[in-house]
Amino acid sequence: MMREQLEDLRTRVLAELEQVDSLSALEDLRVKYIGKKGELTEILKGMGKLSPEERPVIGQLANEIRQKLEQELEQKKDALEKAQLEARLQEETIDVTLPGRPVATASRHPLTQVIEEVEDIFIGLGFEVAEGPEVETDYYNFEALNLPKNHPARDMQDSFYITEEILMRTHTSPVQARTMERKEGKVPVKIICPGKVYRRDDDDATHSHQFTQIEGLMIDEGIRMSDLKGILLTFAKEMFGPDQKIRLRPSFFPFTEPSVEVDISCVMCGGEGCRTCKQTGWIEILGAGMVHPRVLEMSGYDPKRYTGFAFGMGPDRIAMLKFGIDDIRHFYTNDLRFLEQFNRL
Amino acid sequence: MRVSYKWLSEYIDLSGVTPEELAEKITRSGIEVDVVEPRNRGVTNTVVGYVESKEKHPDADKLNVCTVDVGETEKLQIVCGAPNVDAGQKVPVALVGAKLPGGLKIKKAKLRGVESRGMICSAKELGINDKLLPKEQQDGIMVLPDSWQIGEDVIPLLGLDDVVLELDLTPNRSDCLSMMGVAYEVAAILGREVREPDLTVTEQGDEIDPKVSVRIDAPDHCYRYSARLIENVTLGPSPMWMQNRLIAAGIRPINNVVDITNYVMLEQGQPLHAFDYEAVFGGNIVVRLAQEGETIVTLDDVERTLDPEMLLITDGDKPIGIAGVMGGANSEVTENTRTILLESAHFAGASIRKTSRKLGLRSEASLRFEKDVDPEGVMRALERATQLMVELAGGKVAKGISESVLRGQEPAVVELNLNRLNKFLGMTLSRDTVADILRRLNFDFEETGDQEGTVFQVKVPTRRQDIRLEEDLFEEVARLYGYDEIPTTLPVTVTTPGSLTREQYLRRQVRRILNSMGMKEAMTYTFTSPSMADDVESVFGNLENSDYQPIPLAMPMSEERSVLRVNLLPHLMETAAYNRNRRLEDVAVFEVGNIFLSEEKQLTSLPEERLVLGGLLTGHWVGDHWLQNRQPVDFYLTRGILDALFERLNVDEISYRPVSGLKGMHPGRTADIYVAQERIGYVGQLHPEVQKKYDLGETYVFQLELEKLFARVKDYEMYRPLPRFPAINRDLAVVVDGDLAHADLQAKIREAGGKWLESVHLFDVYSGEGIEEGKKSMAFSLVYRDPEKTLTDEEVNEVHDGVVRVLEEAFGARLR
């Protein structure tokens, strides 16, 4: 009799379990049949009426059924939970192709980027960054650089004067003279001098009355022209790529002797010849030379003992070449559509 | 300098070197050749024709029908529209099948019904710069010399079978402002000989003395003045070969005498001047400085007012020329001139330069004189020109030269030490190599040698005024040997650490920090307009309440860019307006740059350059986005950016103090920024009127003095141990007067909170329903902690109640 009850219970539970589709229904089922006050417990209350022989047999059967049911319920629970999780994930699915929330970002000015890059290359070569005033004396801007008053070369860079003796610097070279003076004859001098400079030019696509320049200077005993070539080649490779070559062409600056213009392989065509380099394969990026003995002398260095080289380059031109910018005025107009194109750190 | 290839080859053998090759070689060894320009711009099949007859075109007023002999059996009928065409002329005729510059092809044609076979050409049609031709040649067809053979090809006759090399000379190479100078340069490059022209003069006239006398009264301005007298000259056009060369060089032929002076100047580099002897009173030449206010009418018919620094050529009575710049109209050579007083002089370069500058008058002569010509050129040029006047103007030369020579110049001797040369260049050039280069340069030298090595004593010719130092010779050797041959080495010196200064490093940090928060870096001009300089308060104050004035440029290029900026903001405001005009309305930019301050009206010392950070935000911060609405920029965003900047730079003790009197700023929305007790700048909204002036919407700006800020940056800080005891949090909401400043309330809380109060954080400000009119509720979250022990509730309550009491007493605050 009890055996039948138990068997019947098992059959019913298993049948009902099939129908269960939620965790709460499952729990209800568990409480109803195998909970503390469930049907199974109720059935087993009748154990006392059984004969001593029957009791262990029925007891064992009851245990087997309980275990079996618990196991089945547990499995059902796992399955339900899994289904529920999947449903939730399904529900939580979003369109990952929608745009992200805006996080503010912006960039340094392209000229700042070039200047800092050049600074970092030369810092790596042991140079210090030296700076000086943008409003200069005629002495530092010209005379200390071997450009006495009435020197024909003053024509080359018509200047913005404020008084007869004070002007907007036309190059960052006066920082050389100032630094040498400050160093009082000590060597080595290894500096680069970035900054703004000013010349009387009408603003157009390739001219600007204000632009930037980076000047370099190295003075020590035994500095050779071949060292100038070596340093500039190193710079060109760092700045424009490891395959760069450089070429020196004779030129003239009052503060260097000899003076050279320095070409690098064209950054556009790699030296094959294109419009940018006017089919020559070379583009001019800086002027350089060995420091003129009179410049050394005027700043307190004995030219018989010390030699040195100096070079100057224009970040505006470098940035134009490097980024393919066609109009120098963009740098100073600050059109956001221009500035945004340099969003890198 | 425009160098004719054909002319040059008269002084040096150029065989085997094309003009293009020559240009490349010249460029690579020191003088940039800008352009290689064929004089023939595309003329073919054009010959000398003879106009036998000219008749009016039957159907066209302005056309003539010409019969032209071009050396063929058949005469050509050519219709010509030029007013100056006439029978008996020799003219250039482009034959049928000829090509002319600009792609024009000559075909058999009918013009208003009349057949025309060929074209009679103007100079312009032949590609000749007609500005360089006499007026009568510009207006119509070119009339050729009678002596030219009918049917001959005009291309060589007009010198069009030539190529011009345009040299871009650096100021040190004024020796190459002459064909001879270029010849010496090319000789050095090619290793060939220079052929100097013959300078023999045959004197046939009387003694020059006493017909001419020369006196120099300004010995610092004129070192030498030499003159010859050429009588019986016949004025007329110079020969075509000479005209062709002048045109190739860019100089307009005038007449034989003037052309000769120009020709010799181009050849020798020494400017000359020809006076009409009859106009020179008594044949006296007196070289002296002008008197203040003295005037002279120059050859260009302009009256020039002179000053006592300007050098004049006079006849003892009146000025007849501005020395080295331009002759006077009163002594000009005209078609009636019969006797020429020919000047060849050596003037001080600086003097000529100054005069030419002051007068704004530049000539081929002044261009050369101001760069210190070869003093030995005086005689060469005088003799060469005299010789040509005999040859081409039929003159008779008076015996002797009248001259005054105050200062001569010996060739400079410069030592070239072979060891030093090699050490300087980083090379190992041999004695022979260097000697060969010196020879190619035509520099005489003596060699002295000792154990130390070879030393060359180099005698530098006077034509090379740019070589005075050993390094100048190093350059000559290096450039002619080739810079490509110099090896690449790295300096052998002590190792130095490269670095940025603290300020340079911090400047970079400021840029990066602001970038990271979405502000773009701008770069604007230093020059600005006086009216804009002070539209808005600068960091130091404004121009009205300070002794500063914007520093003006002496000669600005425009009013817009006439003074140095005293303020970073106006140009940032302009930047914002520029972008707004292009519908880029959301602008967040900053600039790091100098402002220029001086209290002097006329600068006697350099102005102060103050490094300033300026920033501007306008429009929206977060643009349209599907998740959030556009957020207009406001004061608290701007301040938030600054707060973050200060935090990241590690600057403490920042306070914002309301300020209402700043020029151009909103009186209720501006704060001075202090670090401890020092003001370092301000932040706030632009005054609505300023916004309107710049056509901007609500705009927030800030300016900081970076040096002051950087002085407050703590470079690093010691680590603080993590707290070992728990904190206790208490919230505090009080109702206070509506205009009570948060800063004051917060300061009071901190003061009353004592040493246990770790932090105070405002989390709500509210006014409106439930709060009485004119009041507001402010809610703070307070954190109490004792680093030494765990605080009990009772301990915290006591302190916290104290805080409430203090606020009640100080501000009449009421707990909410």
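Definitions and limits used
- Residues numbered from 1 in each chain as written.
- Chains lettered and ligands numbered in written order.
- Predicted model: local features only at pLDDT ≥ 70, side-chain atom pairs only at ≥ 80, totals over all residues.
- Heavy atoms only, no water.
- Helix = DSSP H or I, 4+ residues; strand = E, 2+ residues; numbered from the N terminus.
- Rg over C-alpha atoms; globule rule 2.2 N^0.38 Å.
- Buried < 20%, exposed > 50% of the residue type's maximum accessible area, 1.4 Å probe, protein only.
- Contact = heavy atoms within 4.5 Å.
- Areas by Shrake-Rupley, 256 points an atom, 1.4 Å probe, with all protein chains shown as cover.
- Expected span 1.5 Å × (residues − 1).
- Patch = residues over 30% accessible without salt bridge, like charges linked within 9 Å, V, L, I, M, F, W, Y side chains within 5 Å.
- Salt bridge = Lys/Arg side-chain N within 4 Å of Asp/Glu carboxyl O.
- Lys, Arg positive; Asp, Glu negative; His and termini not counted.
- Charge placed at Lys NZ, Arg CZ, Asp CG, Glu CD.
- Domains from an automatic or database assignment.
- Pairing = 2+ DSSP bridges.
- Axes fitted to C-alpha atoms, helices over the stretch in contact; angles between N-to-C directions.
- 1 Å grid on protein atoms, 1.4 Å probe; cavity = no way out; pocket = protein on both sides within 12 Å on 5 of 7 lines; lining within 4 Å.
- Points joined across faces, edges and corners; volume = space filled by probe spheres on them.
- Buried area = accessible area lost by both parts, 1.4 Å probe.
- Polar contact = N/O pair within 3.5 Å; in protein donor to acceptor, adjacent residues only side chain to side chain.

S.K.: An account of the overall build of chain B is needed here, citing residue identities and associated values.
M.R.: For chain B, the count of helices and strands is 21 helices and 43 strands. By the compact-globule yardstick of 28 Å for 816 residues, chain B is too spread out, its C-alpha radius of gyration being 42 Å. Expressed along its principal axes, the backbone C-alpha trace of chain B runs to roughly 130 × 90 × 55 Å. Out of the 816 residues belonging to chain B, those deemed buried represent 55%. Within chain B, contacts between residues separated by at least 24 positions form 69% of all contacts whose residues are at least 6 apart in sequence. With an accessible surface of roughly 36700 Å², chain B has 47% of that area assigned to carbon and sulfur atoms.

S.K.: Tell me about helix α4 (residues 54-92) of chain A, and name the residues and values.
M.R.: Each full turn of the α-helix corresponds to 3.6 residues, which orients residues three or four apart in the same direction. All names here are of chain A. Here α4 contains 39 residues, and its C-alpha end-to-end distance of 56 Å stays within 8% of the 57 Å for a straight helix at 1.5 Å per residue. All of the buried residues in α4 are Ile58, Gly59, Leu61, Ala62, Ile65, Leu69, Leu73 and Leu80. Considering only its buried residues, α4 is in contact with α1 (2-19), α2 (23-34) and α3 (39-44).

S.K.: Give a description of a negative patch on the surface that names residues and reports values.
M.R.: Residue and element names in this part refer to chain A. On the surface, a cluster of negative charge is made up of Glu70, Glu74, Asp78 and Glu81. By the element assignment, Asp78 lies in helix α4. The exposure class assigned to Asp78 is partly exposed, which follows from its relative accessible area of 46%.

S.K.: A description of the domain arrangement of chain A should follow, citing residues and the corresponding values.
M.R.: Here chain A is partitioned into domain 1 (2-91) and domain 2 (110-342). Computed from C-alpha atoms alone, the centre-to-centre distance between domain 1 of chain A and domain 2 of chain A is 90 Å.

S.K.: Describe the environment of Asp21 of chain A, listing the residues and the values that go with them.
M.R.: Residues and elements named next belong to chain A. Structurally, Asp21 can be placed in the loop between α1 and α2. When its relative accessible area of 62% is taken as the criterion, Asp21 is described as exposed. Placed 246 residues apart in sequence, Asp21 and Val267 show a C-alpha to C-alpha distance of 70 Å.

S.K.: Which residues make up the sheet that holds strand β38 (residues 678-686) of chain B, and what values go with them?
M.R.: Residue and element names in this part refer to chain B. Read from one edge of the open sheet, 7 strands run β29-β32-β33-β39-β38-β37-β36, paired in mixed fashion. The open sheet terminates on both sides in strands that have one partner only, identified here as β29 (520-521) and β36 (654-658). Sheet topology places β29 next to strand β32 (residues 587-597); 2 bridges connect them, and they run parallel. Paired with Glu521 across the strands is Phe590, a residue of β32. Against the sheet, helix α14 (residues 502-516) engages β29, β32 and β33 (608-618), with an angle of about 155 degrees to β32. Helix α16 (residues 569-581) contacts β32, β33, β38 and β39 (699-705) of the sheet and is inclined by roughly 30 degrees relative to β33.

S.K.: Please give an account of a nonpolar patch on the surface that cites residues and values.
M.R.: Where nonpolar side chains cluster on the molecular surface, the patch consists of Leu98 of chain A together with Trp626 and Leu627 of chain B and spans about 280 Å² of accessible area. Here Leu627 of chain B lies in the loop between β34 (620-622) and β35 (631-632).

S.K.: Let's hear about the layout of surface pockets: which residues, and what values?
M.R.: Residues and elements named next belong to chain B. Computed from the structure, the second largest pocket encloses a volume of approximately 1400 Å³. Together, 33 residues line the second largest pocket, and Arg639, Asp643, Tyr656, His742 and Ala743 are the ones closest to its centre. Those elements giving two or more residues to the lining of the second largest pocket turn out to be α17 (635-649), β36, β37 (665-675), α20 (742-753) and β41 (757-766).

S.K.: Outline the interface of chain A and chain B, supporting the account with residue identities and numerical values.
M.R.: At the interface, 92 residues of chain A touch 95 residues of chain B. Contact between chain A and chain B buries roughly 7900 Å² in total, counting both sides, with carbon and sulfur atoms accounting for 59%. Joining chain A to chain B, the criterion identifies 8 salt bridges. Where chain A touches chain B, the interface holds 42 residue pairs in polar contact (both at pLDDT 80 or more). Per-element accounting of the side of chain A that touches chain B gives the leading share, 8 residues, to helix α8 (residues 225-240) of chain A.

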